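Survey of secondary and tertiary structure
What follows is each chain in one-letter form.
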Amino acid sequence: MMYYSTNGKAPSAALPKAVARGLAEDRGLYMPETIHTLPEDFINTLCTRSLVENSAVVAEAFFGEDIPSEELRRIVGSALTFDCPVHEVEPGIYALELFHGPTLAFKDVGARFMARLLGYLTGGEGEINVLVATSGDTGSAVANGFLGVEGIRVFVLYPKGKVSPIQECQFTTLGKNITAIAVDGTFDDCQALVKAAFMDSELNGRMRLTSANSINVARFLPQAFYYFQAYAGLQAAGKARDVVCCVPSGNFGNLCAALVAKRMGLPIKRFIAANNANSVFYEFLQTGRYMPRPSLATIANAMDVGDPSNFARIWDLYGRDARAVRSDISGATYKDSEIAWTIKDCYERTGYLLDPHGACGYRALKEGLRPGETGFFCETAHPAKFKDTVEKIIGEPVAVPDRLAAFINGRKRAVDLPRDFASFKEYLLLNCSSKKSL
Ligand SMILES: *Cc1c(COP(=O)(O)O)cnc(C)c1O
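Overview of the structure. (Residues numbered from 1 in each chain as written. Predicted model: local features only at pLDDT ≥ 70, side-chain atom pairs only at ≥ 80, totals over all residues. Heavy atoms only, no water.)

If you check the shell around the ligand, you find 15 residues, and the closest are Lys-107, Gly-250, Asn-251, Phe-252 and Thr-380. Here an oxygen atom of the ligand sits 2.8 Å away from a polar atom, N or O, in the main chain of Phe-252. Considered on its own, the ligand offers 390 Å² of accessible surface; in the complex 96% of this is hidden by protein. (Near = heavy atom within 4 Å. Polar contact = N/O pair within 3.5 Å; in protein donor to acceptor, adjacent residues only side chain to side chain. Areas by Shrake-Rupley, 256 points an atom, 1.4 Å probe, with all protein chains shown as cover.)

Listed below in structure tokens is the structure:
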């Protein structure tokens, strides 16, 4: 499969290049040249097979030309070692729970899949170094996704003292091939160090560096697995008619994967994009104009994005036609006070505890669902990941799952570095094995 750039000014790339680069030379996002339609018979019988079996068929449609089936199946099986069930919150409204992975958030599947795919694509060619800057959530998903994958080392740069304790322990307690670097600076400083490293010709001459950015096709496309699984769950419940899919969105990668699933033949009637106060996409739906701006801090902070990178993919997918986008996707936006009220109200009425991101999805679905439709929203994180916020809202303690508790009790280890590039470069030169020695 070849991948083209949404900016249309860079050459198409084969899978290994698209994965290693992340972004095309013209700063566009890669999209598969063909989105294969899956047989109706496969769709109609989704609920008779396991998550791994269904996902292997979906993965084959994306990556089958580039990776032998058996290998692909192995990658899918080792990325999806946990379930993503649908849970009926109230009549007609289902939560698609995407938080049963190692870091209790939906980015786990994409990160784990990408790690294994990268391991396969670069297999036997020596060590590859993944650099990732994080303000919290991405670092934990990437670090856990790549943990123990042979031939890959991961360096997570984070602003010292500026990420939440729960997030910090999810990437500082892992050891093995994961190194956490506490930078004496801000998230922007971390990102600047990573960018400078990718631009530095001496570093790139001596070692193989790559990113694990969320726009990477190897992280983005596997998220389509979720939507086939959601549909399977609704099928099993006898509710697979007039299905509406609501996705709490930040960078819009997850929603975009759902749109791709529809192109593959998954019968989803329409979509709702749920936003927090960062309402750039919502406004685009109203006005037809895309006006990015700086992000606002909210209690659903993994969705604090003012210029969603996957907008380019959605725009491309609908032929650069705002009316076409609107015919398939509607939007909603909620302030923190509305998110908080929704968490409390849903918990008190149904007993189901939402996290702040899922709460946007739940509310947008509840407000947007029409008679006769069945809807599901993505519950993208476990509420315990936002323990302090959620406890304040419901006035009750939130139980922490064992997996999260294990991180909290682990020994934190991080390398302290100042924020200047010279120190970071020296550190990499001393600690990464060079290309030639392998
Ligand atoms: C990343 C994230 C989102 C937003 O997903 P996008 O693909 O960036 O739109 C929503 N909820 C949680 C918990 C996340 O970590």
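Once that is clear, we can look at helix α3 (residues 51-63). For an α-helix the count is 3.6 residues per turn, leaving residues at separations of three or four pointing the same way. Compared with the 18 Å implied by 1.5 Å per residue over 13 residues, the 18 Å span of α3 between its first and last C-alpha is a close match. Among the residues of α3, Leu-51, Asn-54, Ser-55, Ala-56, Val-58, Ala-59, Ala-61, Phe-62 and Phe-63 are the ones counted as buried. (Helix = DSSP H or I, 4+ residues; strand = E, 2+ residues; numbered from the N terminus. Expected span 1.5 Å × (residues − 1). Buried < 20%, exposed > 50% of the residue type's maximum accessible area, 1.4 Å probe, protein only.)

Turning our eyes to something else, we now look at the pairing of strand β11 (residues 270-275). β11 sits mainly inside the fold: six of its six residues count as buried. Residues of β11 alternate between two faces, with Arg-270, Ile-272 and Ala-274 on one and Phe-271, Ala-273 and Asn-275 on the opposite face, all of them buried. Between the parallel elements strand β10 (residues 243-248) and β11, the chain passes through helix α12 (residues 253-263) in a crossover that is right-handed. The pairing of β11 with strand β12 (residues 329-333) spans five bridges and is parallel. From the neighbouring strand, Phe-271 faces β12, where its bridge partner is Ile-329. (Right-handed = clockwise from strand over helix to strand, strands pointing away. Pairing = 2+ DSSP bridges.)

This part takes up unusual backbone geometry. Here Arg-27, not a glycine, exhibits a phi torsion of approximately 65°, which is positive. Counting through the fold element by element, Arg-27 comes out in the loop between α1 (15-21) and β3 (30-32). Phi is positive for Leu-104, close to 60°, though the residue is something other than glycine.

Now for the pattern of salt bridges. Scanning the model with the defined rule gives 19 salt bridges in all. One salt bridge connects Glu-367 with Arg-363, and the closest N-O pair in it is separated by 2.9 Å. With Glu-367 and Arg-363 both in helix α17 (residues 356-368) and four residues apart, the pair spans about one turn of that helix. Among the residues examined, Arg-363 registers a relative accessible area of 16% and is labelled buried. Here Lys-387 and Glu-391 are joined by a salt bridge, their closest N and O atoms 2.7 Å apart. Note that Lys-387 and Glu-391 are positioned in helix α18 (residues 387-394) at a spacing of four residues, about one turn of the helix. (Salt bridge = Lys/Arg side-chain N within 4 Å of Asp/Glu carboxyl O.)

Three or more residues of helix α20 (residues 421-431) are buried, namely Phe-424, Lys-425, Tyr-427 and Leu-428. In a view along the axis of α20, the buried residues occupy a sector of 160°, so they form one face of it. Turned more than 90 degrees off the buried face of α20, the exposed positions are Ala-422, Glu-426 and Leu-430. (Arc of directions from axis to C-beta.)

Let us look at the sheet that holds β3. Here three strands make up an open sheet; going across it, the order is β2-β1-β3 and the pairing antiparallel. Edge positions in the sheet fall to β2 (13-14) and β3, since each of these pairs with one other strand and no more. Taken together, the three bridges between strand β1 (residues 2-5) and β3 define a ladder with antiparallel strand orientation. In the sheet register, Ser-5 faces β3, and the bridge partner there is Tyr-30.

Orientation of helix α11 (residues 224-236) relative to α12, taken along the N-to-C sense of each, is 60°, at an axis distance of 7 Å. Judged by the inter-axis angle, α11 sits oblique to α12. Between α11 and α12 the crossing geometry is right-handed. Seen from α11, the contacting residues are Ala-224, Tyr-226, Tyr-227 and Phe-228; seen from α12, they are Asn-254, Ala-257, Ala-258 and Ala-261. Here the residues of the contact of α11 with α12 sort into seven nonpolar, one polar and no charged. (Axes fitted to C-alpha atoms, helices over the stretch in contact; angles between N-to-C directions. Parallel < 35°, antiparallel > 145°, perpendicular 65-115°, else oblique. Left-handed = near helix turned anticlockwise from the far one by under 90°. Contact = heavy atoms within 4.5 Å. Nonpolar A, V, L, I, M, F, W, Y, C, P; charged D, E, K, R; others polar.)

Bringing the side chain of Asp-26 into the picture now. Within the secondary structure, Asp-26 is located in the loop between α1 and β3. The buried charged residue Asp-26 lacks any salt bridge, with Lys-9 as its nearest oppositely charged partner at 6.3 Å. There is a polar contact of 2.7 Å between the side chain of Asp-26 and the backbone nitrogen of Lys-9. Engagement of the side chain of Asp-26 in a polar contact is seen with the backbone nitrogen of Ala-10, the distance being 3.0 Å. (Lys, Arg positive; Asp, Glu negative; His and termini not counted.)

No statement about biological role is implied by the geometric values presented.
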